[in-house]
Amino acid sequence: MHDSTADALIVGAGPYGLSTAAHLGNLGLDVRVIGTPMEFWDTGMPRGMFLKSEPFASSLGAPVAGATFTDRHPGWRAGRPIPLRTFVEYGRWFAETHVPDTEDAQVVRVERDDRRDDYAVELSTGEVARARAVVLAIGVRAFAHTPAELAALPAELATHSVAHRDLSRFEGQDVAVIGAGQSALETAVLLADAGARPQVLARTQRLAWNAVPVPSPSLADRAVRGPHSGLGRGYRTWIWSEHPWATRLLPDGARRHLVRTTMGPAGAWWLRDRLDHRVHVMTGRVVTGAEEAGGKAVVATTGREGDRWEHKVDHVIAATGYIPDLDRIGILAPELRERVRLTHGSPVLGGYFDSSLPKLYFTGLAAAASFGPVMRFVHGADFTARRIAAHIAARAKSGSVSSKSSVTRADDARDAPPYAGTTPPG
Ligand SMILES: Cc1cc2nc3c(=O)[nH]c(=O)nc-3n(C[C@H](O)[C@H](O)[C@H](O)COP(=O)(O)OP(=O)(O)OC[C@H]3O[C@@H](n4cnc5c(N)ncnc54)[C@H](O)[C@@H]3O)c2cc1C
(Lines give C-alpha, C1' and ligand atoms only; values in the text may rest on other atoms or scores of the structure.)
Protein backbone atom coordinates (compact mmCIF):
# COMPACT_ATOMS: atom_id res chain seq x y z
CA MET A 1 0.00 0.00 0.00
CA HIS A 2 1.43 3.40 -0.99
CA ASP A 3 0.50 6.36 1.15
CA SER A 4 2.26 9.09 -0.82
CA THR A 5 1.38 10.82 -4.07
CA ALA A 6 3.25 9.27 -7.01
CA ASP A 7 4.81 11.48 -9.67
CA ALA A 8 3.04 9.41 -12.30
CA LEU A 9 0.62 6.51 -12.48
CA ILE A 10 0.45 4.45 -15.64
CA VAL A 11 -2.73 2.56 -16.46
CA GLY A 12 -1.84 -0.58 -18.42
CA ALA A 13 1.31 -2.69 -18.74
CA GLY A 14 1.39 -3.36 -22.46
CA PRO A 15 4.18 -2.17 -24.77
CA TYR A 16 3.31 1.53 -24.35
CA GLY A 17 2.81 1.47 -20.58
CA LEU A 18 5.96 -0.54 -19.92
CA SER A 19 8.09 1.62 -22.23
CA THR A 20 6.83 4.82 -20.62
CA ALA A 21 7.47 3.39 -17.14
CA ALA A 22 11.03 2.39 -18.08
CA HIS A 23 11.81 5.91 -19.29
CA LEU A 24 10.16 7.62 -16.32
CA GLY A 25 11.92 5.32 -13.85
CA ASN A 26 15.25 6.12 -15.44
CA LEU A 27 14.61 9.82 -14.82
CA GLY A 28 14.30 9.16 -11.11
CA LEU A 29 10.55 9.66 -10.90
CA ASP A 30 8.26 7.79 -8.54
CA VAL A 31 6.07 5.78 -10.93
CA ARG A 32 3.31 3.24 -10.33
CA VAL A 33 2.29 0.89 -13.14
CA ILE A 34 -1.12 -0.72 -12.70
CA GLY A 35 -1.76 -3.78 -14.88
CA THR A 36 -0.53 -7.27 -15.71
CA PRO A 37 2.43 -7.21 -18.12
CA MET A 38 1.34 -8.08 -21.69
CA GLU A 39 -2.15 -9.10 -20.54
CA PHE A 40 -3.84 -8.10 -23.80
CA TRP A 41 -1.33 -9.96 -25.97
CA ASP A 42 -1.75 -13.01 -23.78
CA THR A 43 -5.56 -13.08 -23.68
CA GLY A 44 -6.91 -10.92 -26.54
CA MET A 45 -5.12 -12.58 -29.45
CA PRO A 46 -5.50 -16.11 -30.84
CA ARG A 47 -3.06 -18.85 -29.87
CA GLY A 48 -0.88 -19.82 -32.81
CA MET A 49 -0.80 -16.25 -34.14
CA PHE A 50 2.38 -14.66 -35.50
CA LEU A 51 3.23 -10.98 -35.39
CA LYS A 52 2.81 -9.03 -38.59
CA SER A 53 5.49 -6.53 -37.63
CA GLU A 54 9.11 -7.27 -38.45
CA PRO A 55 11.54 -8.10 -35.60
CA PHE A 56 13.25 -4.68 -35.76
CA ALA A 57 9.81 -3.02 -35.44
CA SER A 58 8.67 -5.14 -32.50
CA SER A 59 10.61 -3.64 -29.62
CA LEU A 60 9.50 -1.95 -26.46
CA GLY A 61 11.33 1.30 -25.68
CA ALA A 62 13.95 1.46 -22.97
CA PRO A 63 16.34 4.27 -22.03
CA VAL A 64 19.27 1.83 -21.94
CA ALA A 65 20.82 -0.44 -24.56
CA GLY A 66 20.12 -4.17 -24.71
CA ALA A 67 16.32 -4.13 -24.45
CA THR A 68 15.13 -4.54 -28.03
CA PHE A 69 13.52 -7.69 -29.38
CA THR A 70 16.65 -8.53 -31.35
CA ASP A 71 18.85 -7.90 -28.30
CA ARG A 72 16.76 -10.54 -26.54
CA HIS A 73 16.83 -12.80 -29.62
CA PRO A 74 20.11 -12.13 -31.42
CA GLY A 75 20.11 -13.52 -34.93
CA TRP A 76 16.32 -13.30 -35.39
CA ARG A 77 16.52 -12.14 -38.98
CA ALA A 78 14.10 -9.85 -40.83
CA GLY A 79 11.45 -11.89 -42.63
CA ARG A 80 11.18 -14.52 -39.88
CA PRO A 81 7.74 -14.02 -38.30
CA ILE A 82 7.65 -13.81 -34.51
CA PRO A 83 5.27 -16.25 -32.77
CA LEU A 84 2.85 -14.56 -30.37
CA ARG A 85 4.24 -16.65 -27.47
CA THR A 86 7.79 -15.45 -28.13
CA PHE A 87 6.66 -11.83 -28.13
CA VAL A 88 4.67 -12.19 -24.91
CA GLU A 89 7.75 -13.74 -23.27
CA TYR A 90 9.90 -10.86 -24.54
CA GLY A 91 7.45 -8.30 -23.11
CA ARG A 92 7.40 -10.05 -19.74
CA TRP A 93 11.18 -10.23 -19.70
CA PHE A 94 11.25 -6.48 -20.45
CA ALA A 95 8.91 -5.87 -17.53
CA GLU A 96 10.96 -7.99 -15.12
CA THR A 97 14.17 -6.31 -16.19
CA HIS A 98 13.14 -2.68 -16.61
CA VAL A 99 9.84 -2.26 -14.76
CA PRO A 100 9.96 -4.81 -11.95
CA ASP A 101 7.29 -3.23 -9.75
CA THR A 102 4.18 -3.49 -11.92
CA GLU A 103 1.07 -3.99 -9.82
CA ASP A 104 -1.24 -6.82 -10.80
CA ALA A 105 -4.52 -4.89 -10.44
CA GLN A 106 -7.01 -2.94 -12.52
CA VAL A 107 -7.77 0.75 -12.48
CA VAL A 108 -11.51 1.19 -12.03
CA ARG A 109 -11.82 4.97 -11.83
CA VAL A 110 -9.75 8.08 -12.55
CA GLU A 111 -10.86 11.39 -11.04
CA ARG A 112 -9.17 14.75 -10.94
CA ASP A 113 -8.77 16.96 -7.89
CA ASP A 114 -8.14 20.48 -9.18
CA ARG A 115 -7.59 21.86 -5.70
CA ARG A 116 -4.69 19.48 -5.06
CA ASP A 117 -3.66 19.50 -8.70
CA ASP A 118 -3.51 15.70 -8.80
CA TYR A 119 -5.54 12.60 -9.67
CA ALA A 120 -7.36 10.11 -7.46
CA VAL A 121 -7.14 6.66 -9.04
CA GLU A 122 -9.28 3.88 -7.65
CA LEU A 123 -7.85 0.38 -8.00
CA SER A 124 -9.57 -3.01 -8.04
CA THR A 125 -7.86 -3.66 -4.69
CA GLY A 126 -10.00 -0.92 -3.13
CA GLU A 127 -7.05 1.45 -2.73
CA VAL A 128 -7.40 5.02 -3.95
CA ALA A 129 -3.97 5.95 -5.29
CA ARG A 130 -2.90 9.55 -5.78
CA ALA A 131 -0.70 10.72 -8.64
CA ARG A 132 0.34 14.07 -10.06
CA ALA A 133 0.27 12.71 -13.60
CA VAL A 134 -1.73 9.88 -15.19
CA VAL A 135 -0.74 8.07 -18.39
CA LEU A 136 -3.56 6.11 -20.02
CA ALA A 137 -1.81 3.25 -21.79
CA ILE A 138 -4.90 1.07 -22.04
CA GLY A 139 -4.39 -0.18 -25.60
CA VAL A 140 -7.15 -1.21 -27.98
CA ARG A 141 -9.51 -3.60 -26.22
CA ALA A 142 -12.03 -0.93 -25.15
CA PHE A 143 -12.29 0.23 -28.76
CA ALA A 144 -13.21 -3.10 -30.39
CA HIS A 145 -15.61 -2.27 -33.23
CA THR A 146 -18.44 -4.55 -34.33
CA PRO A 147 -20.55 -3.36 -37.28
CA ALA A 148 -24.10 -2.29 -36.38
CA GLU A 149 -25.38 -4.73 -39.05
CA LEU A 150 -24.54 -7.63 -36.70
CA ALA A 151 -26.33 -6.09 -33.70
CA ALA A 152 -29.38 -8.38 -33.96
CA LEU A 153 -27.28 -11.50 -33.32
CA PRO A 154 -26.93 -12.80 -29.75
CA ALA A 155 -23.45 -13.09 -28.20
CA GLU A 156 -23.43 -16.91 -28.68
CA LEU A 157 -23.66 -16.39 -32.44
CA ALA A 158 -21.52 -13.29 -33.03
CA THR A 159 -18.35 -12.06 -31.35
CA HIS A 160 -15.48 -9.68 -32.02
CA SER A 161 -12.11 -11.28 -32.82
CA VAL A 162 -10.76 -9.89 -29.53
CA ALA A 163 -12.89 -12.46 -27.68
CA HIS A 164 -10.91 -15.42 -29.03
CA ARG A 165 -7.78 -16.81 -27.57
CA ASP A 166 -8.57 -20.44 -28.34
CA LEU A 167 -10.30 -21.13 -31.67
CA SER A 168 -10.51 -24.90 -31.14
CA ARG A 169 -14.07 -24.49 -29.78
CA PHE A 170 -15.18 -23.98 -33.42
CA GLU A 171 -13.98 -27.40 -34.62
CA GLY A 172 -16.48 -28.82 -37.13
CA GLN A 173 -18.43 -25.54 -37.37
CA ASP A 174 -19.16 -23.10 -40.19
CA VAL A 175 -17.75 -19.72 -39.18
CA ALA A 176 -18.05 -16.45 -41.10
CA VAL A 177 -15.17 -14.04 -40.54
CA ILE A 178 -15.95 -10.44 -41.46
CA GLY A 179 -12.99 -8.33 -42.61
CA ALA A 180 -10.03 -8.31 -44.97
CA GLY A 181 -7.12 -7.35 -42.72
CA GLN A 182 -4.47 -9.47 -41.08
CA SER A 183 -6.69 -10.25 -38.13
CA ALA A 184 -9.52 -11.57 -40.36
CA LEU A 185 -7.24 -13.58 -42.64
CA GLU A 186 -5.16 -15.07 -39.85
CA THR A 187 -8.25 -15.89 -37.79
CA ALA A 188 -9.67 -17.73 -40.82
CA VAL A 189 -6.45 -19.72 -41.28
CA LEU A 190 -6.28 -20.58 -37.58
CA LEU A 191 -9.94 -21.64 -37.69
CA ALA A 192 -9.13 -23.99 -40.59
CA ASP A 193 -6.14 -25.34 -38.63
CA ALA A 194 -8.55 -25.98 -35.74
CA GLY A 195 -10.87 -28.06 -37.93
CA ALA A 196 -13.55 -25.41 -38.58
CA ARG A 197 -14.96 -24.41 -41.99
CA PRO A 198 -14.20 -20.68 -42.24
CA GLN A 199 -15.53 -18.29 -44.83
CA VAL A 200 -14.17 -14.77 -45.17
CA LEU A 201 -16.64 -12.03 -46.09
CA ALA A 202 -14.59 -9.07 -47.30
CA ARG A 203 -15.89 -5.70 -48.44
CA THR A 204 -12.83 -5.05 -50.63
CA GLN A 205 -12.88 -6.25 -54.22
CA ARG A 206 -9.63 -8.17 -53.77
CA LEU A 207 -7.42 -9.10 -50.87
CA ALA A 208 -4.24 -7.06 -50.41
CA TRP A 209 -0.96 -8.59 -49.26
CA ASN A 210 2.15 -6.97 -47.87
CA ALA A 211 5.31 -7.38 -49.95
CA VAL A 212 7.99 -9.88 -49.00
CA PRO A 213 10.76 -7.85 -47.27
CA VAL A 214 14.06 -7.58 -49.15
CA PRO A 215 16.79 -8.35 -46.57
CA SER A 216 19.50 -6.08 -48.03
CA PRO A 217 18.13 -3.88 -50.81
CA SER A 218 20.66 -2.38 -53.20
CA LEU A 219 21.37 1.35 -53.12
CA ALA A 220 19.49 1.79 -56.39
CA ASP A 221 16.49 -0.11 -55.04
CA ARG A 222 16.52 1.98 -51.88
CA ALA A 223 16.71 5.21 -53.89
CA VAL A 224 13.73 4.23 -56.06
CA ARG A 225 11.45 2.53 -53.53
CA GLY A 226 12.53 4.50 -50.48
CA PRO A 227 13.96 3.43 -47.13
CA HIS A 228 12.74 0.52 -45.07
CA SER A 229 11.05 1.59 -41.83
CA GLY A 230 8.93 0.12 -39.06
CA LEU A 231 5.73 0.51 -41.11
CA GLY A 232 7.16 -0.69 -44.43
CA ARG A 233 8.89 0.73 -47.53
CA GLY A 234 8.75 4.23 -49.00
CA TYR A 235 9.69 7.82 -48.22
CA ARG A 236 6.30 8.91 -46.89
CA THR A 237 5.94 5.73 -44.87
CA TRP A 238 9.38 6.41 -43.38
CA ILE A 239 8.26 9.85 -42.16
CA TRP A 240 5.06 8.58 -40.50
CA SER A 241 6.93 5.64 -39.04
CA GLU A 242 10.15 7.20 -37.76
CA HIS A 243 9.14 10.83 -37.18
CA PRO A 244 5.58 10.75 -35.85
CA TRP A 245 5.91 14.32 -34.55
CA ALA A 246 5.66 15.44 -38.19
CA THR A 247 2.13 14.01 -38.40
CA ARG A 248 0.97 16.40 -35.68
CA LEU A 249 2.06 19.36 -37.73
CA LEU A 250 -0.19 18.47 -40.67
CA PRO A 251 -3.43 20.42 -41.10
CA ASP A 252 -6.36 18.61 -39.44
CA GLY A 253 -7.96 17.35 -42.65
CA ALA A 254 -4.69 15.99 -44.05
CA ARG A 255 -3.84 14.24 -40.80
CA ARG A 256 -7.27 12.67 -40.59
CA HIS A 257 -6.98 11.44 -44.17
CA LEU A 258 -3.55 10.00 -43.43
CA VAL A 259 -4.74 8.18 -40.32
CA ARG A 260 -7.78 6.80 -42.15
CA THR A 261 -6.02 5.63 -45.29
CA THR A 262 -2.46 4.62 -44.34
CA MET A 263 -1.85 0.93 -43.71
CA GLY A 264 -5.22 -0.25 -44.99
CA PRO A 265 -6.33 -3.88 -44.54
CA ALA A 266 -3.71 -6.31 -45.85
CA GLY A 267 -2.36 -9.74 -44.98
CA ALA A 268 1.23 -10.48 -44.08
CA TRP A 269 3.23 -11.99 -46.95
CA TRP A 270 3.92 -15.17 -44.99
CA LEU A 271 0.20 -15.85 -44.48
CA ARG A 272 -0.59 -15.98 -48.18
CA ASP A 273 0.35 -19.63 -48.74
CA ARG A 274 -1.50 -20.72 -45.60
CA LEU A 275 -4.77 -19.22 -46.86
CA ASP A 276 -5.56 -22.26 -49.01
CA HIS A 277 -8.62 -24.19 -50.21
CA ARG A 278 -9.76 -24.71 -46.60
CA VAL A 279 -10.83 -21.05 -46.42
CA HIS A 280 -13.68 -19.85 -48.61
CA VAL A 281 -12.96 -16.20 -49.45
CA MET A 282 -15.76 -13.99 -50.81
CA THR A 283 -14.62 -10.49 -51.75
CA GLY A 284 -16.78 -7.51 -52.69
CA ARG A 285 -19.44 -8.51 -50.15
CA VAL A 286 -20.89 -5.76 -47.94
CA VAL A 287 -22.67 -7.00 -44.83
CA THR A 288 -26.15 -5.46 -44.81
CA GLY A 289 -27.79 -7.30 -41.92
CA ALA A 290 -27.91 -10.46 -39.84
CA GLU A 291 -30.49 -12.46 -37.94
CA GLU A 292 -30.84 -15.63 -35.94
CA ALA A 293 -32.72 -18.53 -37.55
CA GLY A 294 -33.02 -21.96 -35.98
CA GLY A 295 -29.98 -21.49 -33.75
CA LYS A 296 -27.77 -20.36 -36.65
CA ALA A 297 -26.62 -16.92 -37.75
CA VAL A 298 -27.82 -15.77 -41.16
CA VAL A 299 -25.66 -12.96 -42.53
CA ALA A 300 -26.96 -10.96 -45.50
CA THR A 301 -24.44 -9.44 -47.91
CA THR A 302 -24.74 -7.36 -51.06
CA GLY A 303 -22.29 -7.42 -53.98
CA ARG A 304 -21.24 -4.65 -56.34
CA GLU A 305 -24.01 -5.49 -58.79
CA GLY A 306 -26.60 -5.32 -56.01
CA ASP A 307 -26.88 -9.12 -55.75
CA ARG A 308 -27.98 -10.23 -52.30
CA TRP A 309 -26.68 -13.41 -50.67
CA GLU A 310 -27.39 -15.09 -47.37
CA HIS A 311 -24.69 -16.96 -45.47
CA LYS A 312 -25.96 -19.41 -42.86
CA VAL A 313 -23.28 -20.21 -40.30
CA ASP A 314 -22.80 -21.47 -36.75
CA HIS A 315 -20.92 -18.35 -35.68
CA VAL A 316 -19.79 -14.95 -36.95
CA ILE A 317 -16.47 -13.39 -35.95
CA ALA A 318 -16.16 -9.66 -36.62
CA ALA A 319 -12.47 -9.04 -37.32
CA THR A 320 -13.40 -5.45 -37.98
CA GLY A 321 -10.79 -3.65 -35.95
CA TYR A 322 -10.77 -0.94 -33.33
CA ILE A 323 -12.06 2.64 -33.42
CA PRO A 324 -10.84 5.03 -30.72
CA ASP A 325 -13.65 6.71 -28.80
CA LEU A 326 -13.08 8.46 -25.49
CA ASP A 327 -16.63 7.69 -24.38
CA ARG A 328 -15.67 4.03 -24.26
CA ILE A 329 -12.94 4.60 -21.69
CA GLY A 330 -15.24 3.81 -18.80
CA ILE A 331 -12.63 4.34 -16.09
CA LEU A 332 -12.54 8.10 -16.73
CA ALA A 333 -15.01 9.95 -14.50
CA PRO A 334 -17.69 11.56 -16.71
CA GLU A 335 -16.81 15.11 -15.60
CA LEU A 336 -13.20 14.41 -16.50
CA ARG A 337 -14.17 12.99 -19.90
CA GLU A 338 -16.13 16.15 -20.64
CA ARG A 339 -13.03 18.26 -20.10
CA VAL A 340 -10.85 16.38 -22.59
CA ARG A 341 -10.79 18.19 -25.92
CA LEU A 342 -11.64 15.79 -28.72
CA THR A 343 -11.27 15.36 -32.44
CA HIS A 344 -13.66 12.74 -33.85
CA GLY A 345 -13.73 10.83 -30.56
CA SER A 346 -9.96 10.91 -29.93
CA PRO A 347 -8.21 13.30 -27.55
CA VAL A 348 -6.45 16.29 -29.09
CA LEU A 349 -2.87 15.92 -27.90
CA GLY A 350 0.04 18.32 -27.53
CA GLY A 351 3.53 17.47 -28.72
CA TYR A 352 4.15 15.46 -25.54
CA PHE A 353 0.97 13.37 -25.70
CA ASP A 354 -0.57 15.77 -23.16
CA SER A 355 -4.33 16.22 -23.30
CA SER A 356 -6.30 19.36 -22.48
CA LEU A 357 -6.36 18.24 -18.83
CA PRO A 358 -3.22 18.94 -16.82
CA LYS A 359 -0.81 15.99 -16.82
CA LEU A 360 -3.27 13.51 -18.31
CA TYR A 361 -1.57 11.66 -21.18
CA PHE A 362 -2.89 9.24 -23.82
CA THR A 363 -0.86 6.66 -25.75
CA GLY A 364 -1.24 4.03 -28.46
CA LEU A 365 -4.41 3.92 -30.57
CA ALA A 366 -5.93 6.83 -28.61
CA ALA A 367 -2.99 8.96 -29.80
CA ALA A 368 -3.24 7.96 -33.48
CA ALA A 369 -5.47 10.91 -34.39
CA SER A 370 -2.63 13.22 -33.32
CA PHE A 371 0.55 11.25 -34.07
CA GLY A 372 -0.54 9.06 -36.95
CA PRO A 373 -0.59 5.41 -37.93
CA VAL A 374 2.56 4.27 -36.10
CA MET A 375 0.65 4.67 -32.82
CA ARG A 376 -1.34 1.58 -33.80
CA PHE A 377 1.84 -0.49 -33.58
CA VAL A 378 4.49 -1.41 -31.03
CA HIS A 379 6.97 0.57 -33.11
CA GLY A 380 5.53 3.86 -31.81
CA ALA A 381 6.14 2.97 -28.15
CA ASP A 382 9.69 4.28 -27.74
CA PHE A 383 8.94 7.68 -29.28
CA THR A 384 5.84 8.02 -27.10
CA ALA A 385 7.65 6.97 -23.93
CA ARG A 386 10.51 9.43 -24.47
CA ARG A 387 8.11 12.26 -25.09
CA ILE A 388 5.90 11.64 -22.06
CA ALA A 389 8.84 11.03 -19.76
CA ALA A 390 10.52 14.24 -20.91
CA HIS A 391 7.35 16.22 -20.27
CA ILE A 392 6.70 14.84 -16.81
CA ALA A 393 10.37 15.14 -15.85
CA ALA A 394 10.60 18.74 -17.07
CA ARG A 395 7.59 19.61 -14.94
CA ALA A 396 9.13 17.85 -11.97
CA LYS A 397 12.28 19.92 -12.48
CA SER A 398 10.28 23.13 -12.58
CA GLY A 399 8.47 22.12 -9.40
CA SER A 400 5.07 21.32 -10.81
CA VAL A 401 5.65 17.57 -10.29
CA SER A 402 8.03 16.50 -7.54
CA SER A 403 10.44 13.64 -8.07
CA LYS A 404 11.65 11.14 -5.51
CA SER A 405 15.26 11.82 -6.55
CA SER A 406 16.89 14.34 -8.79
CA VAL A 407 16.04 14.19 -12.47
CA THR A 408 19.14 12.86 -14.10
CA ARG A 409 18.37 13.00 -17.81
CA ALA A 410 15.52 15.09 -19.07
CA ASP A 411 17.12 15.38 -22.47
CA ASP A 412 14.80 14.18 -25.11
CA ALA A 413 16.77 15.63 -27.93
CA ARG A 414 16.36 12.51 -30.07
CA ASP A 415 13.96 13.23 -32.84
CA ALA A 416 13.29 16.69 -31.44
CA PRO A 417 10.85 18.52 -33.69
CA PRO A 418 10.12 22.18 -33.99
CA TYR A 419 7.66 22.67 -31.13
CA ALA A 420 5.33 24.92 -33.04
CA GLY A 421 1.79 24.36 -31.86
CA THR A 422 2.73 21.95 -29.08
CA THR A 423 2.53 22.38 -25.35
CA PRO A 424 6.08 23.10 -24.17
CA PRO A 425 7.32 21.23 -21.12
CA GLY A 426 7.32 23.05 -17.82
C1 LIG B 1 -4.73 -9.58 -33.39
C2 LIG B 1 -3.78 -8.41 -33.30
C3 LIG B 1 -2.51 -8.53 -33.82
C4 LIG B 1 -1.61 -7.46 -33.73
N5 LIG B 1 -0.37 -7.61 -34.25
C6 LIG B 1 0.52 -6.60 -34.14
C7 LIG B 1 1.86 -6.75 -34.62
O8 LIG B 1 2.24 -7.76 -35.19
N9 LIG B 1 2.70 -5.71 -34.44
C10 LIG B 1 2.34 -4.55 -33.82
O11 LIG B 1 3.17 -3.65 -33.69
N12 LIG B 1 1.08 -4.38 -33.38
C13 LIG B 1 0.17 -5.37 -33.51
N14 LIG B 1 -1.11 -5.22 -33.05
C15 LIG B 1 -1.51 -3.94 -32.44
C16 LIG B 1 -1.19 -4.00 -30.95
O17 LIG B 1 -2.38 -4.22 -30.25
C18 LIG B 1 -0.56 -2.73 -30.51
O19 LIG B 1 0.58 -2.47 -31.27
C20 LIG B 1 -0.05 -2.79 -29.06
O21 LIG B 1 -0.77 -3.69 -28.28
C22 LIG B 1 -0.04 -1.44 -28.49
O23 LIG B 1 0.41 -1.50 -27.16
P24 LIG B 1 -0.43 -0.82 -26.01
O25 LIG B 1 0.46 -0.84 -24.82
O26 LIG B 1 -0.98 0.46 -26.49
O27 LIG B 1 -1.69 -1.74 -25.84
P28 LIG B 1 -1.93 -3.21 -25.13
O29 LIG B 1 -0.87 -4.11 -25.58
O30 LIG B 1 -3.31 -3.51 -25.44
O31 LIG B 1 -1.71 -2.89 -23.61
C32 LIG B 1 -2.64 -2.19 -22.84
C33 LIG B 1 -2.78 -2.90 -21.53
O34 LIG B 1 -3.59 -2.10 -20.68
C35 LIG B 1 -4.30 -2.95 -19.83
N36 LIG B 1 -5.45 -2.24 -19.29
C37 LIG B 1 -6.52 -1.74 -19.96
N38 LIG B 1 -7.36 -1.16 -19.11
C39 LIG B 1 -6.81 -1.28 -17.87
C40 LIG B 1 -7.22 -0.88 -16.58
N41 LIG B 1 -8.37 -0.22 -16.38
N42 LIG B 1 -6.41 -1.16 -15.53
C43 LIG B 1 -5.24 -1.81 -15.71
N44 LIG B 1 -4.82 -2.22 -16.93
C45 LIG B 1 -5.59 -1.96 -17.98
C46 LIG B 1 -4.67 -4.15 -20.71
O47 LIG B 1 -4.81 -5.29 -19.91
C48 LIG B 1 -3.47 -4.24 -21.65
O49 LIG B 1 -2.59 -5.28 -21.26
C50 LIG B 1 -2.02 -6.26 -33.11
C51 LIG B 1 -3.31 -6.14 -32.59
C52 LIG B 1 -4.18 -7.21 -32.68
C53 LIG B 1 -5.55 -7.05 -32.09
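This one's a predicted model, so the numbers in the text were calculated from it and none came from an experiment.

> Quick rundown of the overall build of the chain? Include the residues and the values.
When you go through the chain residue by residue, the secondary structure sums to twelve helices and 18 strands. Relative to its length of 426 residues, the chain is compact, with a C-alpha radius of gyration of 22 Å against a globular reference of 22 Å. Summarising its shape, the C-alpha atoms of the chain cover approximately 65 × 55 × 40 Å along the three principal directions. Expressed as a percentage of its 426 residues, the buried residues of the chain come to 53%. When contacts within the chain are restricted to residue pairs at least 6 apart in sequence, long-range pairs at least 24 apart make up 67% of them. Of the roughly 18,900 Å² that the chain leaves accessible, carbon and sulfur atoms contribute 51%. Of the side chains in the chain, 49 bear a positive and 46 a negative charge, and the two mean positions are spaced by 5 Å.

> Please set out unusual backbone geometry residue by residue, giving values where relevant.
Of note in the backbone geometry, M38 takes a positive phi value of approximately 65° without being a glycine. Its location among the elements puts M38 in the loop between β2 (31-34) and α2 (39-43). Take M38: its relative accessible area is 0%, and that puts it in the buried class. For D117, which is not a glycine, the phi torsion comes out positive at approximately 55°. With respect to the helices and strands, the residue D117 is situated in the loop between β3 (107-113) and β4 (118-123). Here D117 falls in the partly exposed class, since its relative accessible area comes to 31%.

> Would you mind going over the pattern of salt bridges in detail, with residue names and values included?
Counted according to the given criterion, the structure contains 25 salt bridges. Here R32 and E127 are joined by a salt bridge, their closest N and O atoms 2.8 Å apart. One end of the pair, R32, is in strand β2; the other, E127, is in the loop between β4 and β5 (128-136), with 95 residues separating them in the sequence. Like R32, the residue E127 is buried in the burial classification.

> Before we move on, could you go through the sheet that holds strand β13 (residues 296-302) and cite the residues and values that matter?
Within a sheet, neighbouring strands are paired by backbone hydrogen bonds and run either parallel or antiparallel to one another. One open sheet holds the three strands; their spatial order is β12-β13-β14, and the pairing between them is antiparallel. Both edges of this open sheet fall to β12 (286-293) and β14 (308-313), since each of them pairs with a single strand only. With direction set aside, neighbouring strand axes in the sheet form an average angle of 20°. Looking at chain direction, β13 and β14 are connected through six bridges and run antiparallel.

> Please provide a residue-by-residue account of the sheet that holds strand β11 (residues 280-282), values included.
Ordered in space as β6-β15-β7-β8-β11, the five strands form an open sheet in which the pairing is parallel. Two strands in the sheet have a free side with no partner beyond their single neighbour: β6 (158-160) and β11. Direction aside, neighbouring strands of the sheet carry axes that sit 20° apart on average. Direction of pairing for strand β7 (residues 174-178) relative to strand β15 (residues 315-318): parallel, over a ladder of four bridges. Across the sheet, A176 pairs through a bridge with V316, a residue of β15.

Scoring rules and cut-offs
- Residues numbered from 1 in each chain as written.
- Predicted model: local features only at pLDDT ≥ 70, side-chain atom pairs only at ≥ 80, totals over all residues.
- Heavy atoms only, no water.
- Helix = DSSP H or I, 4+ residues; strand = E, 2+ residues; numbered from the N terminus.
- Rg over C-alpha atoms; globule rule 2.2 N^0.38 Å.
- Buried < 20%, exposed > 50% of the residue type's maximum accessible area, 1.4 Å probe, protein only.
- Contact = heavy atoms within 4.5 Å.
- Areas by Shrake-Rupley, 256 points an atom, 1.4 Å probe, with all protein chains shown as cover.
- Lys, Arg positive; Asp, Glu negative; His and termini not counted.
- Charge placed at Lys NZ, Arg CZ, Asp CG, Glu CD.
- Salt bridge = Lys/Arg side-chain N within 4 Å of Asp/Glu carboxyl O.
- Pairing = 2+ DSSP bridges.
- Axes fitted to C-alpha atoms, helices over the stretch in contact; angles between N-to-C directions.

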